[in-house]
Amino acid sequence: MIPERWRTPVAFLVLASIAMPLGFAAWRALLDNFAIEEAAFTGREIGILQSLREIPGFLAFTAVFVILVLREQTFAVVSVAVFGLGVALTGFFPSEYGLYFTAVLMSIGFHYFETIRQSLSLQWLSKAEAPRILGRLIGVGSATSLVAFGAMFVALKVFELEYRWIYLAAGGGAFLIAILLMGYPHFEGATPQRKEIVLRGRYWLYYGLTFLSGARRQIFVVFAGFLMVEKFGYSADNIVALMLANHLFNWLFAERIGAWIGRIGERHALTLEYCGLILVFTAYAFVENAYMAAGLYILDHMFFALAIAIKTYFQKIADPADIASTAGVSFTINHIAAVVIPALLGLVWLESRALVFLIGAGFALLSLVMAQNVPRHPREGNETVYGANGRMRTTVARVRQ
């Protein structure tokens, strides 16, 4: 039984934010070793698996059709359960098609939940508290990842557990959290949500920033760690240590960063993020020192919490009834890059590592330019400084910024 004082929307979001990193930390950390040692994967099979894993993210817009028959909160709980089941089963299917199946199952739960969590967060949280609470959720996720990585280290080094039992424990933990979430009352948002795909011209800047964010993150996720291993010879332990440093930072500071965004506004926060990323990606292109590369890896991840500003910008400009549908659409837009970028830039990597990161710097520069179009006080009717045609939208809007 859940204590009454914990039966709140924020507590629901916090508990759900524990389930995802608990399962995903195990899935991600063990996947390469498990796939090679137990399923005899080569680069071909792991590439196919990663592509299949991204398909549910690309199809996240279909969430709007699911909520025709399920409440969003119920859909979130089901998604957590499906995710946990996919992780728990992974170790029991050590074959090519078995891993493809469990990876897709895990990914369906993961991507649908992340879509619905964004929607519920923006519906349940006020515009004033959203930046701080979204930062807290990032911090909770990072704290969970820290505990999960530590537990896996002990399980592998001290108890020498087989992969299957670690997967079962992590996925089973996420599944149990889904059962706990079923005990929460249904929380209603202030505005009923539209049950159809919504694409609005006045959200064009949000769509653009979301796409570029996905492109930059893919370059970092796919190629930054690969650079550390290929060029500087970092071991698996070294990479895990860097991940731990990243999660430790988010645990300590993400909520404070969110509150800070609430004070300074989205345009200033995004400007700081993109200026920093231009410098980081450019430095990646030319770095020759292993310790400096590690510093860049951590610095890049430190800017992650500032991406909260894109979500709160949308919350301020959106018709409240559009939030659920647009959450799915934005996840799909974000994952367009996930389908295209790794394959295309993988070919570029063969010719020039530096060019891959300079392209990332170019994406960050374009993001910086677009961020200057975010008004100082965004709201419905004041979505951008300039319209899509490049002209100042209205004199009144200019004065109110």
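What you see is a predicted model; the values in this text were computed from it and never measured.

*Asks:* Would you mind going over the overall build of the protein with me for this structure?
*Replies:* Looking only at helices and strands, the protein has 15 helices and 0 strands in total. Computed over the C-alpha atoms, the radius of gyration of the protein is 21 Å, within 12% of the 21 Å expected from 2.2 N^0.38 for a compact globule of 401 residues. Over its C-alpha atoms, taken along the principal directions, the protein stretches across nearly 65 × 55 × 35 Å. Within the protein, the proportion of its 401 residues that are buried is 53%. At a minimum sequence separation of 6, the contacts of the protein that also span at least 24 residues come to 84%. Summed over all atoms, the accessible surface of the protein reaches about 17900 Å², with 66% contributed by carbon and sulfur.

*Asks:* Would you mind going over the layout of surface pockets with me for this structure?
*Replies:* If a probe the size of a water molecule is rolled over the atoms, the empty space left behind becomes visible. In this structure, the second largest pocket occupies an estimated 260 Å³ of space. For the second largest pocket, the lining is made up of 15 residues, of which Arg71, Glu72, Gln123, Glu188 and Gln193 are closest to its centre. Secondary-structure elements contributing two or more residues to the lining of the second largest pocket are α4 (72–90) and α5 (96–124). Classifying every residue of the lining of the second largest pocket gives 5 nonpolar, 6 polar and 4 charged.

*Asks:* Help me understand the packing of aromatic side chains in this model?
*Replies:* Each aromatic ring pair is summarised here by two numbers: the centre-to-centre distance and the angle between the ring planes. According to the stated counting rule, one finds 24 aromatic pairs in the structure shown. Aromatic side chains Phe83 and Phe110 sit 6.2 Å apart centroid to centroid with 45° between the ring planes, which places their arrangement in the tilted category. Within this pair, whereas Phe83 is found in helix α4, its partner Phe110 is found in helix α5, the two being separated by 27 residues in sequence. Residue classification places Phe83 among the buried residues on the basis of a relative accessible area of 0%. The exposure class assigned to Phe110 is buried, which follows from its relative accessible area of 17%. With 6.5 Å between their ring centres and 50° between their planes, Phe281 and Tyr284 make a pair best called tilted. Taken as a pair, Phe281 and Tyr284 lie in helix α10 (residues 266–286) at a separation of 3 residues, close to a single helical turn. Both residues of the pair, Phe281 and Tyr284, count as buried. Here the aromatic cluster, defined as three or more aromatic residues joined through ring pairs, consists of Phe223, Phe281, Tyr284, Trp349 and Phe357.

*Asks:* Would you mind showing me how to read helix α1 (residues 9–39) here?
*Replies:* For an α-helix, 3.6 residues make a turn, and residues three or four places apart therefore share a direction. The end-to-end C-alpha distance of α1, which contains 31 residues, comes to 42 Å, matching closely the 45 Å that a straight helix rising 1.5 Å per residue would cover. Along α1, the sharpest kink reaches roughly 50°, centred on Leu31. Of the residues trailing α1, Ala40 is marked for its positive phi of about 55°.

*Asks:* Looking at this model, I keep getting lost on the environment of Asn250. Mind explaining?
*Replies:* Within the secondary structure layout, Asn250 lies in helix α9 (residues 236–264). If we skip the residues at most four places from it in the chain, Asn250 touches Ile138, Gly139, Ser142, His301, Phe304 and Ala305.

*Asks:* Got a minute to help me understand the pattern of salt bridges in this structure?
*Replies:* Oppositely charged side chains may form a pair once their charged atoms are brought near each other. Using the criterion set out here, one finds 16 salt bridges in the structure. Residue Asp300 is joined to Arg217 by a salt bridge in which the shortest nitrogen-to-oxygen separation is 3.7 Å. Here Asp300, found in helix α11 (residues 290–302), pairs with Arg217, found in helix α8 (residues 204–232); they are 83 residues apart in sequence, far enough to count as distant. When its relative accessible area of 23% is taken as the criterion, Arg217 is described as partly exposed. Overlapping salt bridges bring together Arg194, Arg200, Asp319 and Asp322 as one network.

*Asks:* Any chance you could explain the nonpolar core here in plain terms?
*Replies:* In globular proteins that are soluble, nonpolar side chains generally tend to be buried together. Formed by 126 residues in total, the largest nonpolar core has its most connected members in Trp27, Leu181, Ile219, Tyr284 and Phe357. If one sorts the elements of this core by residue count, α1 sits on top with 17 residues.

*Asks:* How should the packing of α4 against helix α7 (residues 163–181) be read in this particular structure?
*Replies:* Axis angle and axis distance: for two packed helices, these are the angle between their axes and the distance between the axes, and together they describe the pair. One way to put it is that α4 packs onto α7 with a least axis distance of 7 Å and a crossing angle of 165°. With respect to their mutual orientation, α4 and α7 come out roughly antiparallel. Every pair of crossing elements has a handedness; the one defined by α4 and α7 is left-handed. Contact with α4, carried on its side by Val77, Val80, Ala81, Phe83, Gly84, Leu85, Val87, Ala88 and Thr90, involves Tyr167, Leu168, Ala170, Gly171, Gly172, Ala174, Phe175, Ala178 and Leu181 of α7 and no other residues of that element. Here the contact of α4 with α7 is composed, by residue class, of 14 nonpolar, 4 polar and no charged.

*Asks:* Just checking my understanding: could you explain unusual backbone geometry for this structure?
*Replies:* A positive phi angle is found at Ala40, which is not glycine, with a value near 55°. Positionally, Ala40 belongs in the loop between α1 and α2 (43–58). Judged by relative accessible area, which is 58%, Ala40 ranks as exposed. A positive phi angle is found at Glu160, which is not glycine, with a value near 50°. Following the sequence through the fold, Glu160 ends up in the loop between α6 (130–157) and α7.

What counts and what doesn't
Residues numbered from 1 in each chain as written. Predicted model: local features only at pLDDT ≥ 70, side-chain atom pairs only at ≥ 80, totals over all residues. Heavy atoms only, no water. Helix = DSSP H or I, 4+ residues; strand = E, 2+ residues; numbered from the N terminus. Rg over C-alpha atoms; globule rule 2.2 N^0.38 Å. Buried < 20%, exposed > 50% of the residue type's maximum accessible area, 1.4 Å probe, protein only. Contact = heavy atoms within 4.5 Å. Areas by Shrake-Rupley, 256 points an atom, 1.4 Å probe, with all protein chains shown as cover. 1 Å grid on protein atoms, 1.4 Å probe; cavity = no way out; pocket = protein on both sides within 12 Å on 5 of 7 lines; lining within 4 Å. Points joined across faces, edges and corners; volume = space filled by probe spheres on them. Nonpolar A, V, L, I, M, F, W, Y, C, P; charged D, E, K, R; others polar. Phe/Tyr/Trp six-rings, centres within 6.5 Å; stacked < 30°, edge-to-face > 60°. Expected span 1.5 Å × (residues − 1). Bend = angle between axes of the 7 residues up to and from the residue. Salt bridge = Lys/Arg side-chain N within 4 Å of Asp/Glu carboxyl O. Core = buried A, V, L, I, M, F, W, Y, C linked by side-chain atoms within 4.5 Å. Axes fitted to C-alpha atoms, helices over the stretch in contact; angles between N-to-C directions. Parallel < 35°, antiparallel > 145°, perpendicular 65-115°, else oblique. Left-handed = near helix turned anticlockwise from the far one by under 90°.

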